[in-house]
Amino acid sequence: MSYLVVADLGLCQGHQMCQGEAPDVFGFDDTTDLVTVLQEHPDESLRSDVQSAVKYCPAMALSIEEEQ
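As the structure is a computational prediction, the values presented were derived from the model and not from experiment. (Residues numbered from 1 in each chain as written. Predicted model: local features only at pLDDT ≥ 70, side-chain atom pairs only at ≥ 80, totals over all residues. Heavy atoms only, no water.)

## Concerning the overall build of the chain
Alright, step 1. A tally of helices and strands in the chain yields 2 helices and 4 strands.
Alright, step 2. Its helices and strands in sequence order give the chain the pattern β-α-β-β-α-β, from N to C terminus.
Alright, step 3. Whereas a compact globule of 68 residues would reach a radius of gyration of roughly 11 Å, the chain reaches 11 Å, a difference of no more than 12%.
Alright, step 4. Projecting the C-alpha coordinates of the chain onto the three principal axes gives extents of approximately 35 × 20 × 20 Å.
Alright, step 5. Taking all 68 residues of the chain together, 32% fall into the buried category.
Alright, step 6. Contacts in the chain between residues far apart in sequence, at least 24 positions, make up 59% of those at least 6 positions apart.
Alright, step 7. Counting only carbon and sulfur atoms, one obtains 47% of the accessible surface of the chain, whose full area is about 4,300 Å². (Helix = DSSP H or I, 4+ residues; strand = E, 2+ residues; numbered from the N terminus. Rg over C-alpha atoms; globule rule 2.2 N^0.38 Å. Buried < 20%, exposed > 50% of the residue type's maximum accessible area, 1.4 Å probe, protein only. Contact = heavy atoms within 4.5 Å. Areas by Shrake-Rupley, 256 points an atom, 1.4 Å probe, with all protein chains shown as cover.)

## Looking at the nonpolar core
Alright, step 1. Membership of the largest hydrophobic core comes to 16 residues, with the highest contact counts inside it found for Val-25, Phe-26 and Val-50.
Alright, step 2. Here Phe-26 is in contact with Val-5, Cys-18, Gln-19, Val-35, Thr-36, Val-37, Leu-38, Val-50, Ala-53 and Leu-62, once residues within four sequence places are set aside. (Core = buried A, V, L, I, M, F, W, Y, C linked by side-chain atoms within 4.5 Å.)

Written as structure tokens, this is what we have:
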């Protein structure tokens, strides 16, 4: 099963916690001070890191959508 990583830029506050948890999946745009999703469909091996990023995002701006 694959999954989609979603970042709500309207909620993002630029804390960059996601980069610490999943640096291969999340980046940061210095111009806008917002998260960027480097991999919308990361490998299953990165799921745990992405879940941690979603969990620890202070603005709750990240989510995982399961795909079939």
